[in-house]
Amino acid sequence: MGILAQFVFCGYMLAVCGGAVRLSGVSVSSRTSVVSARGLTKTYPPGKAGSAFTAVDAIDFEVHSAEAFGFLGPNGAGKSSTMRMIGCVSPPTGGTLQILGMDAADSGKRIRARIGSVPQDDLLDPELTVGENLLIYGRYFGMSRIAIAERSAELLEFARLTDKADARVQALSGGMRRRLTIARSLMNTPDLLLLDEPTTGLDPQARHLLWERLFELKRQGVTLVLTTHYMDEAERLCDRLVVMDHGRVVATGSPRALIDTHVTREVLELLIEPGTGAAVAARAYGVADRIEVLADRLLCYTDDGERALARAHERGLGGLDALVRRATLEDVFLYLTGRSLIE
Amino acid sequence: MTTARYERARPVAVMIERNLRIYRHTWALLLAEILEPILYLGSIGLGVGVLVGHLPGLGAPSVGYPEFVAPALLATAAMNGALNETAFLMYNRLAVERIYQPILATPMSVGEVAVGEIAWAVLRSVMITVGFLGVIAVFGLVASPWVLLGVLGAAVIGFCFACVGLLVATWVRGFPDFQFVQLVMLPMFLFATTFYPLGVYPRPVQVAVECLPLYQAIQLLRGPALGQVDAALLLSAGYLLVLGGLALHWGLRRLRRILSV
Amino acid sequence: MQLSADGVTQAWRYWLLRYRRTWRGTIVISVANPALFLAALGFGLGKLVDHEHSAYLHGSSYLAFLAPGLLAAAMMQTAYIESAGPVHVSARRAGVYRVATATPLSPLDALLGHLLFIGFRILTSATTFAIVAWAFGAVPASRVGPLVLAATLTGLAFATPVAAWAVTVERPALLNGGFRFVIMPLYMFSGTFFAVAQLPGWLQAVARCTPLYQGVQLCRSVSLGDADPLAVVGHSSYLAVLVVGGLAVGARTFQRVLTA
Ligand SMILES: Nc1ncnc2c1ncn2[C@@H]1O[C@H](COP(=O)(O)OP(=O)(O)OP(=O)(O)O)[C@@H](O)[C@H]1O
Ligand SMILES: [Mg+2]
């Protein structure tokens, strides 16, 4: 988390990679498109304090049927705003948006009937019990009571909330609420599932259960669109993803393709005393293709970690704890969304 | 009912179903709302009624003070029942609990949600009315069988004030603002000929009082309760329906703007 | 059970500081409320009542009869509203009592400091009400002072027992129920709007035993200037016993709930 906190405020580095390469990692051209956005824009009207704010700035993307598509990006990048437009709860202020073959501008009701959505903040119905939350939600979709009873029993089981069915929502823990929100989104057996940070607040067991369920849904042909701040999750779940920053798309592709394009194959991590980063980085200059300084470590990007390590030893940095690992999506994310770095 | 029409009514029915579920935990509130006008009736209608004797200046000389006050208390209860349900609860649901957002992620629309809530408020006004009428019938305070028209009247009153409540809910900035709502409701309750006939006021004040929606609501119920059924009732009903319609139109516009950002 | 002057002052300062944010609104309400009721019922309804010259009013105008009764009843309401909800909320998880009693403040300090503030609210509302009543010509100026004292005593007789109870309440709906099913009936049938003597025999006996009846009688006899010293002592002692009893019970319930 400490690492994430660092780069959030350093969006200015975006300029460095403004002309991001647009990749299409997997050959998916034959698949039908479930969501298709062209020049999609969201400008919030001016509030009491100030001027209008463009949260999503003319982005293009394409989500194919039965794939898992991810939105990554720092806080305030515009992920939730985009998700809410796809969910047809927030009207776009520019561009076109096609969902399930219909135009979001005039077919909201019919589109929403086939979507399941997990909003970022749970927004459960606190006046109802856990079971009633599912029941009434099913009714909003026009489901019959029998269908609802069957479905909610199965979903309560999945969410491990069966023994809480009669509890008031206020009596649930944060993670239980999250699980109930996810269960709720599945009530109408959606064709397209929108998950805005679905696993935030979940314990590891619940997270794995959800992943399993999502793989299962994908196998059944459900299209998943999700946002997450967990890079391991994005790497594992998403077939393709886009990285957003300041309302723009800065990169698109499969996790593998993004890693190949934006960072080296391996990373050498040197653990340092806090505060000595700049000095150590100066001594390590040239050890790797690129070096980034974090609070407690140096990240040296290189295609051959062992060689970089050897070179670090030559420069008298052998006293530091070191670790060579494969580059991950997290490295891509840190690089793309900007932070202090030394070339 | 054709399926198309059923489809149109279904979302409204679902909102009512939701409220009924909540009522299983909070039914005591409805009892309290029926109890309150009954307390007023006992205290002011019967108690102060002894001090008042018979009302001067009213058509029927046989009209006792309790019979005069009862329909006004009923109109007030119908008004409060509807207005509280929308103004207070809808504000809470809109801004505090934010439960309308997830509902709008389903096929439900803003209009359907709002109309559903209003329909429920009307239903509540009718329930309060039926409860109250039952009690005053037991007390023997029913002057005319026309009083049953009151059920219909209560629905009209409920509609008008539920729509006004919806509009209020879109304006309120926080719970302290409800003090101002109280500041409008209390004088209306006290001065809209609830406790004494219009004749007590000088003419200019009379005109002002006649413009109050609660005055029209009281007229709508008091006439039939005292056995006077005439065309003036249509005028009162029309006034309330038009006012409600305007409030609904305006409130819906504001609600759409608030909910679709 | 410890008590410290410092702690009590600290607790009362807290409530006063909070009140600074909302006092304007409460002033408007505490002037508007009596003015509206006295205008509508005292003048409007009074027109019909005075016309009848009922013997139950012993020759006073309905306005003069109603004002002190309404004042006593309003103080009961103020006491309930100020002590039920705030005490309940403060005693729950993360409530201000919990925060306070994690410092050297004792539960008794918290109780007394809060009651001091509630007493202050009752005193100020009684004062504005009595001044409005005087402006309406319902009370002569010379009796405004004693009337305020009588009304404050009435309010306190409700505040301490209600606070003692509210600290133990788990569900806020119960507080709402208390208002609607206990306070409102008292408000209506304790001689506020009409003379208790009008009630049928058994109801009359019940009404005379209620604390609000005692408060209404006290305020009314002070306000109309026909106070019988013995009756005044009687009513006042009844109310004082409630105040002290509420304090004694409150000391226990606060201790029990806040140290549990
Ligand atoms: N209703 C709104 N009115 C005005 N501005 C808004 C509104 N909702 C979001 N914003 C602004 O739009 C920007 C993008 O917000 P959004 O919620 O889409 O970010 P996000 O990428 O989901 O961030 P996070 O990772 O924190 O969830 C932010 O600067 C936010 O302040
Ligand atoms: Mg978000």
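**Brief notes about the overall build of chain A**
From N to C terminus, chain A includes 12 helices and 15 strands. Put simply, chain A has 343 residues, and 54% of those count as buried. For chain A, contacts bridging at least 24 residues in sequence account for 72% of all contacts bridging at least 6. Entry remark: accessible area of chain A is about 14700 Å², with carbon and sulfur atoms responsible for 53%.

**Things to note about a negative patch on the surface**
Residue and element names in this part refer to chain A. Together, Asp-289, Asp-303, Asp-304 and Glu-306 make up a negatively charged patch on the protein surface. Along the chain, the position of Asp-303 falls in the loop between strand E13 (297–302) and helix H11 (305–314). Since its relative accessible area comes to 43%, Asp-303 is described here as partly exposed.

**A word on the packing of aromatic side chains**
In the structure shown here, the tally under the stated rule is 26 aromatic pairs over all chains. When the centroid spacing of 6.4 Å and the interplanar angle of 75° are considered together, the rings of Phe189(C) and Phe194(C) count as edge-to-face. Here the aromatic residues Trp12(C), Tyr14(C), Trp15(C), Tyr19(C), Phe117(C) and Phe120(C) are joined through ring pairs into a cluster of three or more. Over the aromatic face of Tyr230(A) sits the side chain of Arg207(A), whose NZ or CZ is 4.2 Å from the ring centroid.

**Quick word on the sheet that holds strand E2 (residues 53–64) of chain A**
All names here are of chain A. One open sheet holds the four strands; their spatial order is E2-E1-E4-E5, and the pairing between them is antiparallel. Either end of the sheet is taken by a strand with one partner, and the two such strands are E2 and strand E5 (102–103). One ladder, built from five bridges, connects strand E1 (residues 33–44) with strand E4 (residues 94–99); its direction is antiparallel. Among the inter-strand pairings, Arg-38 is bridged to a residue of E4, identified as Thr-96.

**A closer look at the site of ligand 1**
All names here are of chain A. Around ligand 1, the structure places 14 residues, and the nearest of them are Gly-76, Lys-79, Ser-80, Ser-81 and His-229. Between ligand 1 and Tyr-44 there is a distance of 3.4 Å, counted from a nitrogen atom to a side-chain nitrogen or oxygen. With respect to ligand 1, the side chain of Asn-75 contributes an N or O atom lying 2.9 Å from an oxygen atom. Compared with its free state, where it exposes 640 Å², ligand 1 has 66% of that area covered by protein. Listed by contribution, the elements that provide at least two residues to the shell around ligand 1 are E2 and helix H2 (79–86).

**Observations regarding the interface of chain A and chain B**
In this assembly, 28 residues from chain A lie in contact with 26 residues from chain B. Taken over both partners, the interface formed by chain A and chain B buries close to 2500 Å², and the fraction arising from carbon and sulfur atoms is 55%. Looking only at chain A, the three residues that lose the most surface to chain B are Leu123(A), Glu127(A) and Tyr140(A), adding up to 30% of its buried area. Linking chain A with chain B are nine salt bridges, by the criterion used here. Between Arg98(B) and Asp121(A) there is a salt bridge, with the nearest N and O atoms lying 2.6 Å from each other. When contributions to the side of chain A that touches chain B are tallied by element, the ones reaching two or more residues are E1, helix H3 (108–112) and helix H4 (130–140) of chain A. Here the side of chain A that touches chain B is composed, by residue class, of 13 nonpolar, four polar and 11 charged.

**Some thoughts on the sheet that holds strand E8 (residues 223–227) of chain A**
Residues and elements named next belong to chain A. Taken together, six strands build an open sheet; the order of strands is E6-E7-E8-E3-E9-E10 and the sheet is mixed. Two strands lie at the open edges of the sheet, namely strand E6 (115–118) and strand E10 (248–253), each paired on one side alone. Each strand of the sheet is rotated relative to its neighbour by a mean of 15°, with strand direction disregarded. Of the strand pairs in this sheet, strand E7 (residues 192–196) and E8 are connected by five bridges, and their pairing is parallel. By the bridge assignment, Leu-195 is partnered in E8 with Leu-226. Contacting E6 and E7, helix H6 (residues 174–185) runs over the sheet at an angle of about 170° to E6. Packing against the sheet, helix H7 (residues 204–219) makes contact with strand E3 (68–72), E7 and E8, and its axis sits at approximately 155° to E7.

**Considering helix H2 (residues 65–96) of chain B**
Think of an α-helix as 3.6 residues a turn; residues three or four steps apart then line up on the same face. Residue and element names in this part refer to chain B. Taking 1.5 Å per residue as the helical rise, H2 with its 32 residues ought to reach 46 Å, and the 44 Å between its terminal C-alpha atoms agrees with that figure. Of all the bends found along H2, the most pronounced is centred on Asn-84 and spans about 30°. The buried fraction of H2 is high, at 25 of 32 residues. The positive-phi residue at the C-terminal boundary of H2 is Arg-98, with phi of around 50°.

**Some words on the confidence of the model for chain A**
Model confidence for chain A is summarised by a mean pLDDT of 85, while 90% of its residues fall at 70 or above. For the stretch residues 1–30 of chain A, pLDDT sits under 50, and the model shows 48 contacts to residues farther than four places along the chain or on other chains.

**Some points on the coordination of the magnesium ion (ligand 2)**
Residue and element names in this part refer to chain A. Every protein donor of the magnesium ion (ligand 2) is listed here as Ser-80 (OG) and Gln-120 (OE1), and their distances to the metal cover 1.9 to 2.1 Å. Residue Ser-80 is located in helix H2, and its partner Gln-120 is located in the loop between E6 and H4; the two are separated by 40 residues in the primary sequence. Residue Gln-120 is classed as partly exposed on the basis of its relative accessible area of 39%.

**A word on the pattern of salt bridges**
Counted according to the given criterion, the structure contains 30 salt bridges over all chains. For Glu62(A), the salt bridge identified is with Arg38(A), shortest N-O distance 2.6 Å. Within this pair, whereas Glu62(A) is found in strand E2, its partner Arg38(A) is found in strand E1, the two being separated by 24 residues in sequence. Assessed through its relative accessible area of 41%, Arg38(A) is described here as partly exposed. In this structure, Glu132(A) and Arg24(B) form a salt bridge, with 3.6 Å as the shortest nitrogen-oxygen distance. With Glu132(A) in helix H4 and Arg24(B) in helix H1 (residues 3–52), this residue pair bridges two chains.

**A short note on the side chain of Thr160(C)**
Tracing the backbone shows Thr160(C) in helix H6 (residues 144–166). The contacts of Thr160(C), once residues within four sequence positions are left out, are Leu115(C), Leu242(C), Val243(C), Gly246(C) and Leu247(C).

**Overview of the interface of chain C and chain B**
Across the boundary between the two partners, chain C contributes 30 residues, which contact 31 residues of chain B. Carbon and sulfur atoms supply 79% of the area that chain C and chain B bury against each other, a total of about 2700 Å² over both sides. Linking chain C with chain B are zero salt bridges. In terms of residues, the side of chain C that touches chain B owes the most to one element, helix H2 (residues 23–52) of chain C, which gives 16 residues. When its residues are assigned to classes, the side of chain C that touches chain B shows 21 nonpolar, six polar and three charged.

**Overview of the domain arrangement of chain A**
The domains assigned to chain A are domain 1 (2–259) and domain 2 (264–326). Put simply, the middle of domain 1 of chain A and the middle of domain 2 of chain A, counted by C-alpha atoms, are 37 Å apart.

**A closer look at the packing of helix H3 (residues 62–91) of chain C against helix H7 (residues 172–189) of chain C**
Residue and element names in this part refer to chain C. Their axes nearest at 11 Å, the elements H3 and H7 cross at an angle of 170°. The pairing of H3 with H7 is recorded here as roughly antiparallel in orientation. Of the residues in H7, those in contact with Leu-70, Ala-73, Met-76, Gln-77, Tyr-80, Ile-81, Ala-84, Gly-85 and His-88 of H3 are Pro-172, Leu-174, Leu-175, Gly-178, Phe-179, Ile-183, Met-184, Leu-186 and Tyr-187. Taken together, the residues of the contact of H3 with H7 sort by class into 14 nonpolar, four polar and no charged.

So, how was this worked out
Residues numbered from 1 in each chain as written. Chains lettered and ligands numbered in written order. Predicted model: local features only at pLDDT ≥ 70, side-chain atom pairs only at ≥ 80, totals over all residues. Heavy atoms only, no water. Helix = DSSP H or I, 4+ residues; strand = E, 2+ residues; numbered from the N terminus. Buried < 20%, exposed > 50% of the residue type's maximum accessible area, 1.4 Å probe, protein only. Contact = heavy atoms within 4.5 Å. Areas by Shrake-Rupley, 256 points an atom, 1.4 Å probe, with all protein chains shown as cover. Patch = residues over 30% accessible without salt bridge, like charges linked within 9 Å, V, L, I, M, F, W, Y side chains within 5 Å. Salt bridge = Lys/Arg side-chain N within 4 Å of Asp/Glu carboxyl O. Lys, Arg positive; Asp, Glu negative; His and termini not counted. Charge placed at Lys NZ, Arg CZ, Asp CG, Glu CD. Phe/Tyr/Trp six-rings, centres within 6.5 Å; stacked < 30°, edge-to-face > 60°. Lys NZ or Arg CZ within 6 Å of the ring centre and 35° of its normal. Pairing = 2+ DSSP bridges. Near = heavy atom within 4 Å. Polar contact = N/O pair within 3.5 Å; in protein donor to acceptor, adjacent residues only side chain to side chain. Buried area = accessible area lost by both parts, 1.4 Å probe. Nonpolar A, V, L, I, M, F, W, Y, C, P; charged D, E, K, R; others polar. Axes fitted to C-alpha atoms, helices over the stretch in contact; angles between N-to-C directions. Expected span 1.5 Å × (residues − 1). Bend = angle between axes of the 7 residues up to and from the residue. pLDDT = per-residue confidence, 0-100. Donors = N, O, S within 2.8 Å, 3.2 Å for Na, K, Ca; no water. Domains from an automatic or database assignment. Parallel < 35°, antiparallel > 145°, perpendicular 65-115°, else oblique.

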